[in-house]
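Structural features, examined
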Amino acid sequence: MCASTSRSGNGADQSMDDAEAVDALRQKAARLEKRWQREQAARLTAEDLLETKARELYSVNQKLRTLAERLEERVEARTRELQEARDRALIEAHHDPLTGLYNRRGHEIRLEEAIARAAGGPERLALLMLDLDNFKEINDRFGHHAGDGVLRHVARIVRTSLPEGCVVSRLGGDEFAVIIPVGEGTADIETLVGRFRERLNVPYEQEETSFSIAGSIGIAIFPDHGESASSLLRNADIALYRSKTAGRNAATVFEWSMFEELVKRQEMSSALANSNLQRDIVPWFQPIVQGPVTRTVGVEALVRLRIAGEKLLLPGAFLELANEGGMLHDIFRVMLDKGVAQMRPLIAAGQLQYVSINAAASDFSFDIVTEVLEALERYRLPPEAPAHCCHGCKFP
């Protein structure tokens, strides 16, 4: 009996151990199940988060791509705007807004280019300078609107009267310039200029007003009259000045003698500006006779100018320059003072009745009556011994 009970007890114990082991395994399995479920949930959550972030990143990338494309378009558009603005600025910098022709800067560039092409070869080119005659009168009488219309008309005439390949510019005001390729000869230049002048001289109608247009032209040829842009411009301008002084509405081809005359003129102008008129103006007295016995009754004081203590110059050599420099009345005052002073003894002695002093028209814008009276008083000449002027005025 005892042995049987022992075996039963051992069996029960074994059953309990097995139950505990099973329970432990079940618990472990449950824990593993929960752990797997947690891991699975975490993995699903991670996948959902990753998918969400991927979608967000894709959306951001799409937005960035769109922004990049828009930015690229804006950069391209702005680049085009800047290029167009640059092109417009270059055009405006080198072109005259009124006529559309090249301006002075554009002309200088094209002239340099034309000279570079012609240098060293048989080709020549002519530089034509045109200045409208009496254009200021059109502006003053009809206004700048009419003057602008005339300038545009002249620009059209120049463009359409000359062959292709010519470069036409408006240098400013009423001054135009044309670069004309002339090949190896220059015989056609006069024909071209003649045809152009004929068209220019045709009256221009604007707003029921007819304008007569004429121009003075100066021409210089490369390389005969200069091998640089500056020398050609200078010499064409000298020829233009000659056309103006010859009576306007003329065309003149430059000659080197003109340049030599200009140098002499500039030297004379400088010498005149630096002279001491009180010292260098010298009156020469020419007798004025009267009656059958040719009795001398007076003298005419003729002006001479001594330059640098050397020879005396006649009025034709310096009076025009003196007029341009505003010195004519200064010369008149010196001649009045010296003429009265040097003839005073003869007038006071009764050997002469008067001294005649030449006066220019511009002198009458001054109070020369007072100046003559002051000279007579200064040298104590009697009022009955008057001085005369070239216009026959007497100052008692």
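Just so you know, these numbers come straight off a predicted model, no measurement behind them.

Our next topic: the overall build of the protein. Each helix and strand counted, the protein has 11 helices and 13 strands in total. For a compact globule of 396 residues, the expected C-alpha radius of gyration is about 21 Å, and the protein comes in at 51 Å, more than 25% above that figure. Viewed in the frame of its principal axes, the protein has a C-alpha envelope of about 210 × 55 × 50 Å. A burial count over the protein gives 35% of its 396 residues as buried. In the protein, once contacts between residues fewer than 6 apart in sequence are set aside, the share between residues at least 24 apart is 64%.

Our next topic: the side chain of Asn-139. Structurally, Asn-139 can be placed in helix H3 (residues 135-142). By relative accessible area, which is 15% here, Asn-139 ends up buried.

Attention shifts here to a nonpolar patch on the surface. On the surface, Leu-57, Val-60, Leu-64 and Leu-67 cluster together into a nonpolar patch covering about 370 Å² of accessible area. As for its position among the elements, Leu-64 is in helix H1 (residues 2-94).

Along the chain, the position of Asp-280 falls in helix H8 (residues 277-280). Of the polar contacts made by the side chain of Asp-280, one reaches the side chain of Arg-279; its length is 2.7 Å. The residues touching Asp-280, leaving out its near neighbours within four places in the chain, are Ser-275, Arg-304, Leu-305 and Arg-306.

For the rest of this paragraph, the subject is H3. When H3 is considered as a whole, its buried residues turn out to be Phe-135, Ile-138 and Asn-139. Each buried residue of H3 sits inside an arc of 95° when the element is viewed along its axis, so together they form one side. Opposite the buried face of H3, by more than 90 degrees, sit the exposed residues Lys-136, Glu-137, Asp-140 and Arg-141. One or two residues past the end of H3 sits Gly-143, with phi positive at roughly 95°.

Let us look at the environment of Glu-123. By the secondary structure assignment, Glu-123 is in the loop between helix H2 (104-118) and strand E1 (124-132). Placed 26 residues apart in sequence, Glu-123 and Gly-149 show a C-alpha to C-alpha distance of 36 Å.

With 91% of its residues at a pLDDT of at least 70, the protein reaches an overall mean of 85. Residue range residues 388-396 is modelled with pLDDT below 50. Its contacts to residues more than four positions away, or to other chains, number 30 contacts.

Taken as a whole and assessed by the stated rule, the structure comprises 4 aromatic pairs. A ring pair is formed by Phe-142 and Phe-211, whose centres lie 5.0 Å apart and whose planes are at 80°; its orientation type is edge-to-face. Linking Phe-142 in helix H3 with Phe-211 in strand E5 (residues 209-211), this pair joins segments that are 69 residues apart in sequence. Using a relative accessible area of 34% as the deciding quantity, one classes Phe-142 as partly exposed. Pairing Phe-254 with Trp-256 gives two aromatic rings, centres 5.1 Å apart and planes at 80°, and the pair type is edge-to-face. Residue Trp-256 is classed as partly exposed on the basis of its relative accessible area, which comes to 40%. In this structure an aromatic cluster arises from ring pairing among Phe-142, Tyr-204 and Phe-211.

Considering all chains together, one arrives at 1 cavity of 30 Å³ or more under this definition. Here the largest cavity is characterised by a volume of approximately 40 Å³. Every residue along the wall of the largest cavity is listed here: Leu-132, Asp-133, Phe-135, Ile-138, Val-150, Ser-212, Ile-213 and Ala-214. Here the residues of the lining of the largest cavity sort into 6 nonpolar, 1 polar and 1 charged.

We now examine helix H4 (residues 144-161). End to end, H4 covers 25 Å across 18 residues, agreeing with the expected 26 Å (1.5 Å per residue, within 8%). Among the residues of H4, those classed as buried are Ala-146, Gly-147, Gly-149, Val-150, Leu-151, His-153, Val-154, Ala-155, Ile-157, Val-158 and Ser-161.

The next point concerns the pattern of salt bridges. All chains considered together, the criterion is met by 20 salt bridges. The salt bridge partner of Arg-104 is Glu-175, with a shortest N-O separation of 3.9 Å. Here Arg-104 is found in helix H2, whereas its partner Glu-175 is found in strand E3 (residues 175-183), with 71 residues between them in sequence. Given the relative accessible area of 39%, Arg-104 is considered partly exposed. A salt bridge links Arg-105 to Glu-108, with the shortest nitrogen-to-oxygen separation between them at 3.5 Å. Here Glu-108 and Arg-105 lie together in helix H2, a separation of 3 residues that amounts to about one turn. Judged by its relative accessible area of 46%, Arg-105 falls in the partly exposed class. On the basis of relative accessible area, Glu-108 is assigned to the partly exposed category, the value being 30%. One network of salt bridges, with partners in common, ties together Asp-131, Asp-133, Lys-244 and Arg-248.

Reading guide: rules and limits
- Residues numbered from 1 in each chain as written.
- Predicted model: local features only at pLDDT ≥ 70, side-chain atom pairs only at ≥ 80, totals over all residues.
- Heavy atoms only, no water.
- Helix = DSSP H or I, 4+ residues; strand = E, 2+ residues; numbered from the N terminus.
- Rg over C-alpha atoms; globule rule 2.2 N^0.38 Å.
- Buried < 20%, exposed > 50% of the residue type's maximum accessible area, 1.4 Å probe, protein only.
- Contact = heavy atoms within 4.5 Å.
- Patch = residues over 30% accessible without salt bridge, like charges linked within 9 Å, V, L, I, M, F, W, Y side chains within 5 Å.
- Areas by Shrake-Rupley, 256 points an atom, 1.4 Å probe, with all protein chains shown as cover.
- Salt bridge = Lys/Arg side-chain N within 4 Å of Asp/Glu carboxyl O.
- Polar contact = N/O pair within 3.5 Å; in protein donor to acceptor, adjacent residues only side chain to side chain.
- Arc of directions from axis to C-beta.
- pLDDT = per-residue confidence, 0-100.
- Phe/Tyr/Trp six-rings, centres within 6.5 Å; stacked < 30°, edge-to-face > 60°.
- 1 Å grid on protein atoms, 1.4 Å probe; cavity = no way out; pocket = protein on both sides within 12 Å on 5 of 7 lines; lining within 4 Å.
- Points joined across faces, edges and corners; volume = space filled by probe spheres on them.
- Nonpolar A, V, L, I, M, F, W, Y, C, P; charged D, E, K, R; others polar.
- Expected span 1.5 Å × (residues − 1).

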